[in-house]
Amino acid sequence: MKCRRCRGPAVIDIRRHNAAFCRDCFLRHCREQVKRAIKDHEMIVPGDRVLVAVSGGKDSLALWDLLAELEIEADGLYLGLGIGDYSDESGRHARDFAVARGRRLIEVDLREEYGFDVPVAAAATRRAPCGACGLSKRHLFNDVALREGYDAIATGHNLDDEAAVLLGNVLRWETGYLGRQAPVLPNAPGFVRKIKPLVRLGEREMAAYCVLTGIDYQVDECPMAQGNRHLGLKEVLDALEERSAGAKAAFLFGFYDRGREHFLEEAAAERGDLRPCPECGSPTTSELCAFCTLRDRATGENVPVHLRRAPVGD
Amino acid sequence: MLLRNPRREIEIAGPITVVKLLQQLQINPETVLLIQGDTLVTRDALLSDGDDIEIRPVTSGG
């Protein structure tokens, strides 16, 4: 295969673009896609302080690198989730990357700072660990960004992640979640803007970006995520993509362009009247926010937990 | 040939194209990268005996 741009030997083919690229042209392609996503969805304005949620995996490290390539200064936030060797190794990848590039990495350890970790929370709630993990991440990303005065939280959700979330929400007709699924969730009282600059790039492209730029990332899958619903949805979408290149992008971008608008009212109605959580101050529609409820249950407080099912993989 | 998640090593006789190799292993090409040293191998590449290749899954669980 030859590179579509320079006609040199290609190193990667991207079937949905009907194209192959050499190393340099591929890296340029990645920068262009991120730049376009940021511009099209007005994710970042000049002067914004951006915080990247860094897991040590391919997506978040590639995102941090790509933002720097586009001259967007961003700090990183790593959450220690307490998932044994997996978390230890993930943290090492995040730290090594930050040190090598001279970036600021904020670290929050769930166990040290809140008295529980993901396995303990999963056991206490008798639910899949991904639910407790996602809830903790959403809460702490927002909490740290607010406390530290950041304007936007950038997450490494890519095209595959978003397409899988969309499929999961469509299969259950989660109309509220469908109304809230977007590349940008604007800031609101108590909420920092959430942006997904990788939404135009697939999972395979992000892994390729890391290999070709020498980014050492956590390759192993989270042991607690094995066999989860999100992976099942991705498997279905990958099978469709193999038969019909571009299916995932058409599904996701078609939704953004023509589908989401039909669910906005329900999303707003579901949000209800928000008030500050009496323990942490985060906006909530309940007496106590979901994170504080989870923490109380996981640390032995006698509080019943009813984890609301979050959008898959969010 | 090194396969990840779970990590295992297998021997496959060459020459064989990447497409045929993945068919043989029943792996969807959309879900992996083929890595040789510090670069990648495209679908149409012909692999020879002695080539050291890693087949790395790219899917993560969210």
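Our subject is the structure that appears above.
In what follows, the accompanying structure is described. In this text, all values refer to a predicted model and were calculated from it rather than measured experimentally. (Residues numbered from 1 in each chain as written. Chains lettered and ligands numbered in written order. Predicted model: local features only at pLDDT ≥ 70, side-chain atom pairs only at ≥ 80, totals over all residues. Heavy atoms only, no water.)

## A word on the overall build of chain A
If you tally the helices and strands in chain A, you get 13 helices and 10 strands. Computed over the C-alpha atoms, the radius of gyration of chain A is 19 Å, within 12% of the 20 Å expected from 2.2 N^0.38 for a compact globule of 314 residues. The principal-axis extents of the C-alpha atoms in chain A amount to approximately 65 × 45 × 40 Å. Burial analysis of chain A (314 residues in total) assigns 55% to the buried set. Accessible surface for chain A amounts to roughly 14300 Å². Of this, 48% is attributable to carbon and sulfur atoms. Of the charged side chains in chain A, 44 are positive and 48 negative; the average position of the first set lies 5 Å away from that of the second. (Helix = DSSP H or I, 4+ residues; strand = E, 2+ residues; numbered from the N terminus. Rg over C-alpha atoms; globule rule 2.2 N^0.38 Å. Buried < 20%, exposed > 50% of the residue type's maximum accessible area, 1.4 Å probe, protein only. Areas by Shrake-Rupley, 256 points an atom, 1.4 Å probe, with all protein chains shown as cover. Lys, Arg positive; Asp, Glu negative; His and termini not counted. Charge placed at Lys NZ, Arg CZ, Asp CG, Glu CD.)

## Notes on the sheet that holds strand β7 (residues 184-185) of chain A
Strand pairing in a sheet relies on backbone hydrogen bonds. The paired strands run either parallel or antiparallel. All names here are of chain A. Reading across from one edge, β5-β4-β3-β6-β8-β7 is the order of the six strands in this open sheet, with mixed pairing throughout. Each having just a single partner strand, β5 (105-109) and β7 make up the two edges of the open sheet. As paired strands, strand β3 (residues 50-53) and strand β4 (residues 74-80) are joined by four bridges and run parallel to one another. If you follow V52 over to β4, its bridge partner there is G76. Packed onto the sheet, helix α6 (residues 129-148) meets β3, β4, β5, β6 (152-154) and β8 (193-195) and runs at close to 140 degrees relative to β4. (Pairing = 2+ DSSP bridges. Contact = heavy atoms within 4.5 Å. Axes fitted to C-alpha atoms, helices over the stretch in contact; angles between N-to-C directions.)

## Quick notes on unusual backbone geometry
Cis rather than trans, the peptide bond between G14 of chain B and P15 of chain B has omega equal to -5 degrees. Within the element layout of this structure, P15 of chain B appears in the loop between β2 (8-9) and β3 (16-17). Although it is not a glycine, R126 of chain A adopts a positive phi angle of roughly 55 degrees. Residue position: R126 of chain A is located in the loop between α5 (118-125) and α6. The exposed category is assigned to R126 of chain A, whose relative accessible area is 74%.

## What about helix α11 (residues 247-259) of chain A?
All names here are of chain A. Counted at 1.5 Å a residue, the expected span for α11 with its 13 residues is 18 Å, but the 16 Å between its end C-alpha atoms falls short. All buried positions along α11 are accounted for by K248, A249, L252, F253, G254, F255, Y256 and G259. Considering only its buried residues, α11 is in contact with α7 (159-171), α8 (175-180) and α10 (229-243). (Expected span 1.5 Å × (residues − 1).)

## What about the environment of V170 of chain A?
All names here are of chain A. Among the secondary structure elements, V170 is positioned in helix α7. Linking V170 and C25, residues 145 residues apart in sequence, is a C-alpha distance of 36 Å. Those residues in contact with V170 that lie beyond four places of it in its chain are L178 and F251.

## Things to note about the packing of aromatic side chains
All names here are of chain A. Tallied over the entire structure, the rule returns five aromatic pairs over all chains. Ring centres 5.9 Å apart and planes at 45 degrees place the aromatic pair F116 and F291 in the tilted group. Of this pair, F116 sits in the loop between α4 (110-114) and α5 while F291 is found in helix α13 (residues 290-298), placing the two residues 175 residues apart along the sequence. Here the aromatic residues Y114, F116 and F291 are joined through ring pairs into a cluster of three or more. Between the NZ or CZ atom of R49 and the centre of the ring of Y150, over which it lies, the distance is 4.1 Å. (Phe/Tyr/Trp six-rings, centres within 6.5 Å; stacked < 30°, edge-to-face > 60°. Lys NZ or Arg CZ within 6 Å of the ring centre and 35° of its normal.)

## So, the sheet that holds strand β4 (residues 32-36) of chain B
In space, the five strands of this open sheet follow the order β2-β1-β7-β4-β5 (chain B), with mixed pairing throughout. Two strands lie at the open edges of the sheet, namely β2 and β5 (39-40) of chain B, each paired on one side alone. Bridge count for strand β1 (residues 2-3) of chain B against β2 of chain B is two bridges, and the pairing is antiparallel. Bridged to L3 of chain B within β2 of chain B is R8 of chain B. Most of the contacts of helix α9 (residues 203-213) of chain A go to β4 of chain B, to which it runs at about 15 degrees, and overall it touches β4, β5 and β7 (54-57) of chain B.

## Quick word on α7 of chain A
Because an α-helix completes one turn every 3.6 residues, residues spaced three or four positions apart along the sequence face the same direction. Residues and elements named next belong to chain A. A rise of 1.5 Å per residue sets the reference length of α7, with its 13 residues, at 18 Å; its end C-alpha atoms lie 18 Å apart and thus fit the reference within 8%. Within α7, 11 of the 13 residues are buried, leaving the element largely enclosed by the surrounding structure. Along α7, the residues classified as buried are L159, D160, D161, E162, A163, A164, V165, L166, L167, G168 and N169. Taken together, the buried residues of α7 touch α2 (58-69), α8, α9, α10 and α11. Capping the start of α7, N158 holds a side-chain oxygen 2.9 Å from the backbone nitrogen of D160, two or three residues further along. (Polar contact = N/O pair within 3.5 Å; in protein donor to acceptor, adjacent residues only side chain to side chain.)

## Some words on the interface of chain B and chain A
In this complex, chain B contributes 22 residues to the contact, which on the side of chain A involves 29 residues. Interface area, chain B with chain A, both sides summed: about 2200 Å², of which 52% is carbon and sulfur. Summed over the shared surface of chain B and chain A, the number is three salt bridges. R15 of chain A is the salt-bridge partner of E30 of chain B, the closest N and O atoms lying 3.6 Å from each other. Seen at the junction of chain B and chain A, the total is 11 residue pairs in polar contact (both at pLDDT 80 or more). Listing elements by their share of the side of chain B that touches chain A, those giving two or more residues are β4 and β5 of chain B. The leading source of residues in the side of chain B that touches chain A is β4 of chain B, at three residues. Looking at the side of chain B that touches chain A residue by residue, the classes come out as seven nonpolar, nine polar and six charged. (Buried area = accessible area lost by both parts, 1.4 Å probe. Salt bridge = Lys/Arg side-chain N within 4 Å of Asp/Glu carboxyl O. Nonpolar A, V, L, I, M, F, W, Y, C, P; charged D, E, K, R; others polar.)

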